[in-house]
Amino acid sequence: MNAAQIRHLLDKARHAIFLGIPMSEEEAPKTQEEYLEAYEARLERNPVQETALLREAIMPLLSTYQEKWRNDNRAAEMMTGTSLPEPCDADDWLQEVYDEIVNTDTEEEWRQFVTRFTD
């Protein structure tokens, strides 16, 4: 999978989380700030649909995310002496990705997150 395909899947995941709808193939992603504004303005949410869309976008990237997460966790343990417990199953890993995306506040932070998948 090339970097453009990875970015597209991550944009689809972000779109699902913040807008709760599928992102069309021809649709350009919004900025993180625009997504946050739209998310805060939403009156209704459909967690089942959002989770399904997130799962569809993230599952092809999950092994890459897991590898990066484990490496980061090992590095943190070497530096601090403590590590985070590893998620137990695919749902826990999905929640981990969700938490990272939803806690991204700026487009610059989003680009840094994407880079973890493409570098």
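Calculation notes
- Residues numbered from 1 in each chain as written.
- Predicted model: local features only at pLDDT ≥ 70, side-chain atom pairs only at ≥ 80, totals over all residues.
- Heavy atoms only, no water.
- Patch = residues over 30% accessible without salt bridge, like charges linked within 9 Å, V, L, I, M, F, W, Y side chains within 5 Å.
- Areas by Shrake-Rupley, 256 points an atom, 1.4 Å probe, with all protein chains shown as cover.
- Salt bridge = Lys/Arg side-chain N within 4 Å of Asp/Glu carboxyl O.
- Lys, Arg positive; Asp, Glu negative; His and termini not counted.
- Charge placed at Lys NZ, Arg CZ, Asp CG, Glu CD.
- Helix = DSSP H or I, 4+ residues; strand = E, 2+ residues; numbered from the N terminus.
- Buried < 20%, exposed > 50% of the residue type's maximum accessible area, 1.4 Å probe, protein only.
- Contact = heavy atoms within 4.5 Å.
- Polar contact = N/O pair within 3.5 Å; in protein donor to acceptor, adjacent residues only side chain to side chain.

Peer 1: Outline a negative patch on the surface, supporting the account with residue identities and numerical values.
Peer 2: Together, Glu33, Glu34, Glu37, Glu40, Asp105 and Glu109 give the surface a local cluster of negative charge. At four residues, the largest contribution of residues to the negative patch is made by helix α2 (residues 32-41). Position of glutamate 33 relative to the elements: it lies in helix α2. Overall, glutamate 33 belongs to the partly exposed group, its relative accessible area being 38%.

Peer 1: How would you sum up the side chain of glutamate 107? Please name residues and give values.
Peer 2: Among the secondary structure elements, glutamate 107 is positioned in helix α6 (residues 107-118). Here glutamate 107 falls in the buried class, since its relative accessible area comes to 17%. When sequence neighbours within four positions are dropped, the list of residues in contact with glutamate 107 reads Arg14, Lys30, Thr31, Gln32 and Glu33.

Peer 1: Account for the pattern of salt bridges, naming residues and giving values.
Peer 2: Inspection of every chain in the model, using the stated rule, returns nine salt bridges. Across the salt bridge formed by glutamate 56 and lysine 12, the nearest N and O atoms sit 3.8 Å from each other. Of this pair, glutamate 56 sits in helix α3 (residues 47-58) while lysine 12 sits in helix α1 (residues 3-19), placing them 44 residues apart in sequence. Notably, a salt bridge pairs arginine 111 with glutamate 108, separated by 3.2 Å at the nearest N-O pair. Here arginine 111 and its partner glutamate 108 are both found in helix α6, three residues apart, which amounts to about one turn of the helix. Residue arginine 111 is classed as partly exposed on the basis of its relative accessible area, which comes to 45%. Where salt bridges share partners, they join Asp11, Arg14 and Glu107 into one cluster.

Peer 1: I'd like a description of the environment of glutamate 33, backed by residues and values.
Peer 2: The spatial distance from the C-alpha of glutamate 33 to the C-alpha of methionine 79 is 33 Å, given a sequence separation of 46 residues. When sequence neighbours within four positions are dropped, the list of residues in contact with glutamate 33 reads Asp105, Thr106 and Glu107. Within the structure, glutamate 33 has its side chain in polar contact with the backbone nitrogen of glutamate 107 (distance 3.2 Å).

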